[in-house]
Amino acid sequence: LVSNYKESYLTLKRELTSLILAKLSKCLLQVPIPKMFYNNFDMQITAKHGIVIEIWPLILSAPLTLAQPWS
């Protein structure tokens, strides 16, 4: 049961990562974005492209770095 939970949790985090990158890429149609810059988003994305994230529910961090609930 715990193994299935871990697998589901990790799958959701990967899907969230893909969704964030897809939405960012959609905002920047002419500019290829190879990856999402979480730690320095303001310098890598906002300063260069004028994209601002509003109402982000967490401190801006990569979904794959979120704490594991079973740890």
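Up top you'll find the structure we're talking about.
Residues numbered from 1 in each chain as written. Predicted model: local features only at pLDDT ≥ 70, side-chain atom pairs only at ≥ 80, totals over all residues. Heavy atoms only, no water.

**Student:** Please explain the overall build of the protein chain as it appears in this structure.
**Tutor:** When its secondary structure is counted, the protein chain shows 2 helices and 0 strands. Here the protein chain holds 71 residues, and 18% of them are scored as buried. Accessible surface for the protein chain amounts to roughly 5,500 Å². Of this, 63% is attributable to carbon and sulfur atoms. (Helix = DSSP H or I, 4+ residues; strand = E, 2+ residues; numbered from the N terminus. Buried < 20%, exposed > 50% of the residue type's maximum accessible area, 1.4 Å probe, protein only. Areas by Shrake-Rupley, 256 points an atom, 1.4 Å probe, with all protein chains shown as cover.)

**Student:** Would you take a moment to explain the packing of aromatic side chains for this structure?
**Tutor:** Two descriptors summarise a pair of aromatic rings, namely the distance from one centre to the other and the angle between the planes of the rings. Under the defined criterion, the tally for this structure stands at 1 aromatic pair. Their ring planes at 20° and their centres at 6.4 Å tell us that Y5 and Y9 sit as a pair that is stacked. Remark: Y9 and Y5 occur in helix α1 (residues 2–27); sequence separation between them is 4 residues, near one turn of the helix. (Phe/Tyr/Trp six-rings, centres within 6.5 Å; stacked < 30°, edge-to-face > 60°.)

**Student:** What is the right way to read the nonpolar core from this model?
**Tutor:** A general trend in soluble globular proteins is that nonpolar side chains are found buried together. By size, the foremost hydrophobic cluster in this structure holds 9 residues: I20, L24, L28, I33, M36, Y38, F41, I45 and I51. Among the elements of the structure, α1 and α2 (41–49) are those that each provide at least two residues to this core. Among all residues touching I45, those that are not within four sequence positions of it are L24, I33, F37, G50 and I51. (Core = buried A, V, L, I, M, F, W, Y, C linked by side-chain atoms within 4.5 Å. Contact = heavy atoms within 4.5 Å.)

**Student:** Looking at this model, I keep getting lost on the environment of K48. Mind explaining?
**Tutor:** Mapped onto the elements, K48 comes out in helix α2. Taking relative accessible area as the criterion, K48 reaches 54% and is therefore assigned exposed. A polar side-chain atom of K48 sits 3.2 Å from a polar atom in the side chain of Q44. (Polar contact = N/O pair within 3.5 Å; in protein donor to acceptor, adjacent residues only side chain to side chain.)

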